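Take a look at the letters that make up each chain.
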Amino acid sequence: MKSFYHFMMQYRGNKQLDDPKKLADWMFYDHSFPKHAKDYDEISDYIEWHTPFPEAIVTFDQLWELYIEEVRP
């Protein structure tokens, strides 16, 4: 199962600067982000404590649902 970080890297190539792209870019440049994490609570806690923009938590929750659908066996 791939990590949430790996899942998010598909949004870095977006031409428009939407919230998924902003979150993916921030995750890429934040060297402390838990890049191998697959656990909702670990990632959510990190984003809450280091939030890069006001909508980051809502964006994360929406993308987490897509991540779970994609990696679910």
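Everything below is about the structure shown above.
Residues numbered from 1 in each chain as written. Predicted model: local features only at pLDDT ≥ 70, side-chain atom pairs only at ≥ 80, totals over all residues. Heavy atoms only, no water.

1. What about the nonpolar core?
Test applied: Nine residue types can take part in a nonpolar core, namely buried Ala, Val, Leu, Ile, Met, Phe, Trp, Tyr and Cys, and a core is a set of them joined through side-chain atoms within 4.5 Å. A simple rule labels every residue: compare its accessible area, found with a 1.4 Å probe on the protein chains alone, to the largest value its type can have, and call it buried under 20%, exposed over 50%, or partly exposed in between. Only DSSP runs of H or I with at least four residues qualify as helices, and only runs of E with at least two residues qualify as strands; both kinds are numbered from the N terminus onward.
In this structure, Phe 4, Met 8, Leu 23, Met 27, Phe 33, Ile 43 and Ile 47 are the most contacted members of the largest nonpolar core, which totals 21 residues. Mapped by element, the contributors of at least two residues to this core are helix H1 (4–8), helix H2 (19–29), helix H3 (40–49) and helix H4 (56–71).

2. Things to note about the side chain of Lys 21
Quick reminder of the rule: N or O atoms closer than or at 3.5 Å make up a polar contact, with two conditions inside protein: a donor-capable atom paired with an acceptor-capable one, and, for residues adjacent in sequence, both atoms drawn from side chains. Contacts are assigned to residue pairs that have any heavy atoms within 4.5 Å of one another.
Assignment of secondary structure puts Lys 21 in helix H2. At 3.2 Å, the side chain of Lys 21 forms a polar contact with the backbone oxygen of Arg 12. The residues contacting Lys 21, other than those within four sequence positions of it, are Tyr 11, Arg 12, Asn 14 and Gln 16.

3. Thoughts on H2
All of the buried residues in H2 are Pro 20, Lys 21, Leu 23, Ala 24, Asp 25, Trp 26 and Met 27. Where the residues of H2 are buried, they touch H1, H3 and H4. With a side-chain oxygen positioned 3.1 Å from the backbone nitrogen of Lys 21, the residue opening H2 is Asp 18.

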